[in-house]
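Understanding the architecture of this molecule
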Amino acid sequence: MAKSDTEFTGFVKVRGAREHNLKNVNLDIPRNALVVFTGISGSGKSSLAFGTLYAEAQRRYLESVSPYARRLFNQMAIPEVDEIEGLPPAVALQQQRGAVSTRSSVGSVTTLSNLLRMLYSRAGDYPKGQGIIYAESFSPNTPEGACTECHGLGRVYEITEKTMVPDDTLTIREKAIAAWPSAWQGQNQRDILTTMGYNIDVPWKDLPKKDRDWILFTEEQPVVPVYSGYSHEEIKNFIKNKRQPDYMGTFTGARRYVRHTFANSQSALMKKRVSQYMISSECPLCKGKRLRQESLSVKFAGYDIAELSRLALNKLATIFAPYATGEATALKKIETAYPEKVEVAKRIAEDFVARLQVMLDLGLGYLTVERSTPTLSPGELQRLRLATQVRSNLFGVVYVLDEPSAGLHPADTEALLRALDKLKAAGNSLFVVEHEIDVIRHADWIVDVGPAAGEKGGHILYSGLPEGLRNIKESLTRQYVYDNVVSNSNEPRTPKDWLKLEGITRNNLSELTASFPLGVLTSVTGVSGSGKSSLVSQVLVELAAEQLGLQVDITADKDEDPLEQSEVQTLGGKIVSGMKSIKRLVVVDQKPIGRTPRSNLATYTGLFDHVRKLFAATQMAKTRKFDAGQFSFNVAKGRCPHCEGEGMVMVELLFLPSVYTPCPTCGGTRYNPKTLEVRYKDKNIAEVLGLTVDEAASFFDEEPAISRALEVVREVGLGYLRLGQPATELSGGEAQRIKLATELQRAQNGQTLYILDEPTTGLHPSDVERLLLQLNRLVDAGNTVILVEHDMDVIAASDWVIDIGPGAGEAGGNIVAEGIPADIVKSKHSRTAPYLAKHL
Ligand code: ADP
Ligand code: ADP
Ligand code: ZN
Ligand code: ZN
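Residues numbered from 1 in each chain as written. Chains lettered and ligands numbered in written order. Predicted model: local features only at pLDDT ≥ 70, side-chain atom pairs only at ≥ 80, totals over all residues.

The name given to the chain in an unreviewed UniProt entry is UvrABC system protein A, with the source organism recorded as Mucilaginibacter galii. Per UniProt, the chain has the following entry under Sequence similarities (unreviewed entry): "Belongs to the ABC transporter superfamily. UvrA family." The chain has a UniProt comment under Subcellular location (unreviewed entry) that states "Cytoplasm". (UniProt positions renumbered as here; feature names shortened; annotations may be inferred.)

Set out below in structure tokens:
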């Protein structure tokens with residue numbers, strides 16, 4: 001429960017904080033307390049908690065370490081702040097959206113894997129006669145542990161004639177060898193074969209086997225003269241007469257090319273292209289378990305370590321419990337013969353169970369040790385890290401967290417609060433950026449930032465005990481915490497048709513049948529891990545995309561390893577009806593709208609095209625023969641040649657991470673001087689990119705195409721963003737709303753299926769209201785919107801609810817209840833029902 005202020009052990013004093021939009025603010029925040037930072041999106045909460053407090057703590061810490069060690073940190077910018085007093089060392093548990101995924105697993109992040117390896121090494125059951133093996137031998141990533149056949153990959157890759165030459169009636173000239181590079185490189189290989197006397201004009205199947213094998217499988221790389229466009233006979237003559245060749249070409253066999261590209265290419269796209277010529281199958285020796293046979297022969301509780309790593313954490317907890325207490329019969333049997341072994345097993349099991357318990361408390365019991373972290377949601381990953389911290393026995397530090405309730409069903413939020421309380425009780429401070437009312441109500445201290453977003457935010461509206469927030473008139477947060485804002489209780493709309501899916505099998509879903517109503521707003525609900533994302537974001541998206549003939553694999557991240565992708569596609573199910581009323585599929589996620597500073601709001605929404613045309617139509621542009629391309633910072637003619645339109649240049653510092661600074665040539669404007677001389681009204685193109693959306697709306701009020709685009713951006717609550725604000729500076733929620741705005745300004749034909757996975761993440765309740773308004777507009781225009789959602793206000797305002805569960809993982813995966821919200825609350829088995837009831 002909340003403390004009275006006399007109990008705080010001291011305060012962190014912030015003076016003159018000006019990071020991003022913060023207005024030179026001063027505030028005192030208690031230590032050893034749960035401090036919650038609130039405010040609408042873009043108000044400046046993160047700029048204060050992460051950009052100022054955490055960044056300063058990190059800066060101080062890094063000053064104390066060697067320059068070499070400093071390079072290993074993902075160093076934050078030095079914060080704009082005069083002074084911070086009383087700041088303990090800080091640990092940030094930030095959600096990393098769209099961040100690069102390292103190859104790690106639940107086991108490695110939580111160190112459970114290390115513990116398991118030690119257990120197998122020291123307390124496992126060895127076959128008779130086998131000597132003890134070291135812990136490293138239980139890791140597939142070490143030479144001692146890796147399976148000798150697949151080198152620890154668990155899969156073997158075969159490259160065959162059939163895969164590389166899918167159509168053997170084609171000739172080599174007709175590109176029979178599909179695996180070879182296209183374009184010039186492929187032409188080069190064909191020319192080399194001609195020089196060498198291979199016939200490239202007979203169907204592949206009619207070539208002698210010896211030739212086919214050599215072309216595909218040779219490791220030799222002969223270098224031969226190339227005379228492009230001539231026959232073998234002509235070339236023979238040229239060589240005899242010592243005619244100068246076009247160049248000397250190096251031959252590469254097709255399999256060698258595929259292997260080499262797959263192993264060495266920097267481009268994920270190239271890797272993906274060549275991966276289609278490799279047949280991957282489970283390793284016949286280790287059966288996909290990745291370990292060598294000696295390691296797999298060691299058992300604990302009857303399982304080898306790979307089998308154990310594939311069990312859900314809650315199952316593991318049950319298996320280990322009797323070992324932790326010493327009651328397991330397996331232990332009793334060997335007690336007298338091997339007392340040390342029993343002792344080791346007990347100690348490790350105790351530690352293991354205690355760590356697991358925290359993860360189970362945080363609603364993560366459905367995960368497995370083996371699960372790779374890129375397949376986890378950002379919220380799940382953050383909670384895993386949190387669980388690891390709870391057991392770390394650190395004290396006297398500040399934990400800075402970013403919306404830890406993201407992805408949590410209200411039923412799981414209570415456990416989260418208990419974990420936070422434990423960290424606090426151990427003597428730590430917690431600074432948490434949060435929107436969830438239940439977390440805000442649990443705070444010892446509230447810092448409310450506002451009143452609005454961007455330039456209109458950045459003030460501290462309140463910093464004090466929760467009760468005091470009641471009296472702060474201009475606080476939007478106050479209304480939601482203390483006045484029960486009642487959500488609209490409109491009559492649910494009637495579905496126009498149904499999209500019916502059958503035989504859905506994926507992750508924890510098995511042979512499931514589901515029907516989604518069309519022309520209405522549907523929320524898919526359930527505790528975390530129940531199967532919502534599997535159903536909606538994975539199966540539904542993929543099946544609908546397939547039926548619409550979409551080439552793009554919407555769910556796959558471009559940067560993802562193609563190997564990882566091929567493994568998760570175990571999918572069963574089909575759409576049996578309803579697709580005829582759907583013409584488009586749009587997935588609106590929180591992934592960044594671009595990964596470089598070259599994309600921004602103006603380019604993404606398409607409004608920059610109109611702006612550039614306006615500049616090209618000015619008198620000066622016409623005289624100088626400047627077209628619209630002149631005003632693009634991605635095209636050479638108009639942009640600054642030094643920074644090539646980035647506006648920033650990277651400065652390499654010895655022993656420190658490189659930093660970006662404004663380009664000295666263009667002063668950060670991105671354009672060359674000639675281009676900047678052109679003005680529309682009184683502004684040049686760089687100044688226009690510097691306008692906020694709100695300012696641009698009045699600047700362009702005579703231009704309907706631009707005004708309309710700007711208007712929708714304002715309606716989704718992003719009027720505070722600058723037109724040229726780089727995509728890399730936007731939060732996940734901001735990116736998502738830009739995507740929504742872009743959709744809203746399209747001409748609506750009413751036959752689009754929109755899918756959103758937890759769109760309320762990162763949104764203040766007042767922003768959630770806006771979002772609902774926008775979603776309802778999409779539905780009113782005749783579209784279908786399907787959400788995965790935890791926010792009870794959104795669920796209550798939906799036309800239809802599909803509740804998945806009842807539990808997580810194996811205990812979930814079924815449809816527990818479906819119907820209009822008023823009917824869902826009557827369900828006896830739905831864990832959503834009791835929470836939803838309070839919002840109807
Ligand atoms: P909140 O956490 O309350 O959603 P933020 O602190 O993320 O708000 O953002 C406050 C303001 O600072 C917004 O106008 C946002 O666009 C801006 N901002 C955020 N990150 C950056 C950045 N890296 N560079 C410049 N401006 C930023
Ligand atoms: P929700 O969206 O309701 O939180 P999910 O659909 O993400 O639930 O998860 C349902 C079950 O499927 C869980 O047991 C989860 O661990 C498992 N799961 C989800 N995604 C993957 C994946 N990419 N690989 C393996 N298991 C997964
Ligand atoms: Zn193997
Ligand atoms: Zn420049």
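What follows continues from the structure just given.
1. A look at the overall build of the chain
Looking only at helices and strands, the chain features 33 helices and 24 strands. Its C-alpha atoms give the chain a radius of gyration of 31 Å, within 12% of the compact-globule value 28 Å for 840 residues. Taken over the C-alpha atoms alone, the chain extends approximately 100 × 95 × 65 Å along its principal axes. Counting only residues that meet the buried cut, the chain has 44% of its 840 residues in that class. (Helix = DSSP H or I, 4+ residues; strand = E, 2+ residues; numbered from the N terminus. Rg over C-alpha atoms; globule rule 2.2 N^0.38 Å. Buried ≥ 20, exposed ≤ 12 C-beta atoms within 10 Å, placed from the backbone.)

2. Description of the site of ligand 1
Looking at ligand 1, there are 15 residues lining it, with His20, Lys45, Ser46, Ser47 and Gly454 nearest. Its residues placed into classes, the shell around ligand 1 shows two nonpolar, eleven polar and two charged. Two domains share the shell around ligand 1, each providing at least three of its residues, namely domain 1 (5-101 + 375-482) and domain 5 (601-729). (Near = placed C-beta within 6 Å. Nonpolar A, V, L, I, M, F, W, Y, C, P; charged D, E, K, R; others polar. Domains from an automatic or database assignment.)

3. Some points on the packing of helix α16 (residues 378-390) against helix α17 (residues 410-425)
Viewed as axis vectors pointing N to C, α16 and α17 meet at an angle of 35°, and their least axial separation amounts to 10 Å. The two elements α16 and α17 meet at a crossing, and its hand is left-handed. Facing α16, whose interface residues are Leu386, Gln389 and Val390, α17 presents Ala419, Lys422 and Leu423. Of the residues in the contact of α16 with α17, the class split is four nonpolar, one polar and one charged. (Axes fitted to C-alpha atoms, helices over the stretch in contact; angles between N-to-C directions. Left-handed = near helix turned anticlockwise from the far one by under 90°. Contact = placed C-beta atoms within 7 Å.)

4. Remarks on the sheet that holds strand β22 (residues 784-788)
Spatially, β18-β21-β22-β16-β23-β24 is the arrangement adopted by the six strands of the open sheet, whose pairing is mixed. A single partner strand is all that each edge strand has here, and the edge strands are β18 (584-587) and β24 (814-819). Ignoring strand direction, the axes of neighbouring strands in this sheet form an average angle of 15°. Judged from the four bridges that link them, β18 and strand β21 (residues 752-757) form a sheet pairing that is parallel. (Pairing = 2+ DSSP bridges.)

5. Comments concerning the nonpolar core
In this structure, Val35, Val400 and Val432 are the most contacted members of the largest nonpolar core, which totals 96 residues. The residue makeup of this core includes at least three contributed by each of domain 1 (5-101 + 375-482) and domain 2 (106-125 + 299-361). Grouped together as the second largest cluster of nonpolar side chains are 92 residues, Val712, Leu721, Leu753 and Ala796 included. (Core = buried A, V, L, I, M, F, W, Y, C linked by C-beta atoms within 7 Å.)

6. Observations regarding the site of ligand 2
Taken together, 16 residues surround ligand 2, and among them Thr375, Asn507, Lys532, Ser533 and Ser534 come closest. For the shell around ligand 2, the leading source of residues is helix α20 (residues 532-547), giving three residues. In the shell around ligand 2, the residues fall into three nonpolar, eleven polar and two charged.

7. Thoughts on the domain arrangement of the chain
Split into domains, the chain comes out as domain 1 (5-101 + 375-482), domain 2 (106-125 + 299-361), domain 3 (160-277), domain 4 (497-591 + 748-837) and domain 5 (601-729). Listed as interface residues are nine residues of domain 1 and, on the opposing side, nine residues of domain 2. Broken down by secondary-structure element, the contributors of at least two residues to the side of domain 1 that touches domain 2 are α16 and α17. Examining the composition of the side of domain 1 that touches domain 2, we find that five residues originate from one element, α16, more than from any other. Within the side of domain 1 that touches domain 2, the residues separate by chemical class into five nonpolar, one polar and three charged.

8. As for unusual backbone geometry
Put simply, Gly450 and Pro451 share a cis peptide bond, and its omega is 0°. As for its placement among the helices and strands, Pro451 is situated in the loop between β12 (445-450) and β13 (459-464). The residue after Gly805, namely Pro806, is reached through a cis peptide bond having omega 5°. Take Pro806: it is sitting in the loop between β23 (800-805) and β24. A positive phi angle is found at His151, which is not glycine, with a value near 55°.

9. Considering the UniProt feature "domain: Cytochrome c" (unreviewed entry) in the chain
UniProt's entry tags residues 124-282 with the feature "domain: Cytochrome c" (unreviewed entry), counted in the numbering of this structure. From the first C-alpha to the last, residues 124-282 spans 26 Å; its make-up is 34% helix and 10% strand.

10. A word on the pairing of strand β16 (residues 521-525)
With respect to burial, β16 is a largely interior element, five of its five residues being buried. Sheet topology note: the β16/β22 ladder contains four bridges and is parallel. If you follow Val524 over to β22, its bridge partner there is Val788. Alignment of β16 against β23, held across four bridges, turns out to be parallel. Directly across from Thr525, in β23, lies its bridge partner Asp803.

11. Description of the sheet that holds strand β2 (residues 25-30)
Strands sit in the order β2-β1-β4 across an open sheet of three strands; the sheet is antiparallel. Each edge of the open sheet is held by one strand with a lone partner, namely β2 and β4 (81-85). Looking at each pair of strands side by side, their axes are set apart by 10° on average, direction ignored. The pairing of strand β1 (residues 11-17) with β2 spans five bridges and is antiparallel. Paired with Phe11 across the strands is Pro30, a residue of β2.

12. Some points on helix α13 (residues 313-325)
Compared with the 18 Å implied by 1.5 Å per residue over 13 residues, the 18 Å span of α13 between its first and last C-alpha is a close match. Taking the largest bend as the criterion, α13 deviates by roughly 35°, centred on Ile319, and proline Pro322 comes between one and four positions later. The elements touched by buried residues of α13 are α12 (305-309), α14 (329-334) and α15 (339-361). At the C-terminal side of α13, Gly326 shows a positive phi close to 85°. (Expected span 1.5 Å × (residues − 1). Bend = angle between axes of the 7 residues up to and from the residue.)

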